[in-house]
Amino acid sequence: MIKTIVSTALPIDERLLIRKNVLKNGTGKKRFCVVTGTHGDELEGQLCCYEVARIINENMDKLNGTVEIYPALNPLGIDTLQRGIPNFDLDMNRIFPGNMDGSMAEQAAYKIVKDLQGADFVIDIHSSNLFLRETPQVRINVNDKEKLVPMAKQLNVDFIWVHDAATVLEATLAHSLNSTGTPCLVEEMGVGMRINSEMCNQLVRGIFNLMYEIGVWTEPVDKTGFHEPIVCEGDNVEFLNAAASGVFLTDMHTGETVEEGQEIGKIVNPLTGETLSRVVAPTRGFLFTIRAYPIVYVGSLMARIYKG
């Protein structure tokens, strides 16, 4: 059943609609929500929503409860491939929990939070931006780690990062839900403006596994090849920044283990044929972020390594 949770007027006789698909079966009372599309340039969640809906529709007898799918919290951003809300110059994931008496965007954020509150679990799916490629990972506020890390371990991701970054702090959807008692995990993977089907399918298996653990899905997931995530806490991440401006060249991929002193890539000058800088791993560890957009400036983030 398709339900509209936000309907508001746009300037030229049109309306902004934010909708969800409610899939319900059996006698179970648990409610599991899949949310994505907060940033219009992050598209991995679109495939995940499609696969979750498709699999449930083809196996409705295995659903015992309610699954709600929200594929586009920022439909205008997705339509125009803009990260924020067009014409408002706003990052939607910085205005939660919203305000019913505020702007159109704040009202939408308020209604989204109210609609999600009370769910037994929410997964908020993000991609990376255009510049960085991320291995499938979950990011958790350190204040919520006791409650959320065990759930994150069921999601078939490569990496769990427990930290204090803005992606899991105030004004985000996840913080607004977790702080009011609705458990929410932030998942991030891939690169902006693209869909990596392998990563998406990896997460979808994890979503059904978590649904089974919660009791919404009645069939256990085959865990052959399931990923055992690294759990990172504290200051165990090395940030590698560009020492020169130029074009970054690399053959490395996320999810690889690098050795201390190993060359991750190099920054070159295409005009002169010079190698301006070599990007070298300062420690042995797990490469979970790498630069995807090749044009770099001094200080640009090139990679992140978990050093264990």
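So, here's what we can say about the structure. (Residues numbered from 1 in each chain as written. Predicted model: local features only at pLDDT ≥ 70, side-chain atom pairs only at ≥ 80, totals over all residues. Heavy atoms only, no water.)

### Looking at the packing of aromatic side chains
Formally: When two rings of Phe, Tyr or Trp (its six-membered ring) have centres within 6.5 Å they constitute a pair, described as stacked for plane angles under 30 degrees, edge-to-face for angles over 60, and tilted for the intermediate range. Only protein chains enter the accessibility calculation, which uses a 1.4 Å probe; a residue whose area is less than 20% of its type maximum is buried, one above 50% is exposed, and one in between is partly exposed.
Across all of its chains, the model carries eight aromatic pairs by this definition. With 4.9 Å between their ring centres and 70 degrees between their planes, Phe208 and Trp217 make a pair best called edge-to-face. Taken as a pair, Phe208 and Trp217 share a single burial class, namely buried. Within the aromatic cluster, the residues linked to one another by ring pairs are Phe159, Trp161, Phe239, Phe286, Phe288 and Tyr306.

### Some points on the pairing of strand S6 (residues 132–141)
Looking down a regular strand, the side chains alternate between one sheet face and the other. Defined as follows: Under the DSSP-based scheme used, a helix requires at least four consecutive residues in state H or I and a strand at least two consecutive residues in state E, with every element numbered from the N terminus. Here the rule is simple: two strands pair whenever DSSP picks up at least two bridges between them. When the strands point away from the viewer, a crossover counts as right-handed if the path from the first strand over the helix to the second runs clockwise.
For S6, the buried fraction is high: nine of the 10 residues fall into the buried class. Pairing between S6 and strand S15 (residues 285–291): three bridges, direction antiparallel. Each residue of the ladder has a partner; that of Leu132, found in S15, is Arg291. Sheet analysis places S6 next to strand S8 (residues 184–190), joined by four bridges and oriented antiparallel. Looking at S8, one finds that Val138 is bridged to Glu187. Of the pairings in the sheet, the one linking S6 to strand S7 (residues 159–163) comprises five bridges and is parallel in character. Each bridged residue has a counterpart across the sheet, and for Arg139 the counterpart in S7 is Trp161. The parallel pair S6 and S7, bridged by helix H4 (residues 145–152), forms a crossover whose chirality is right-handed.

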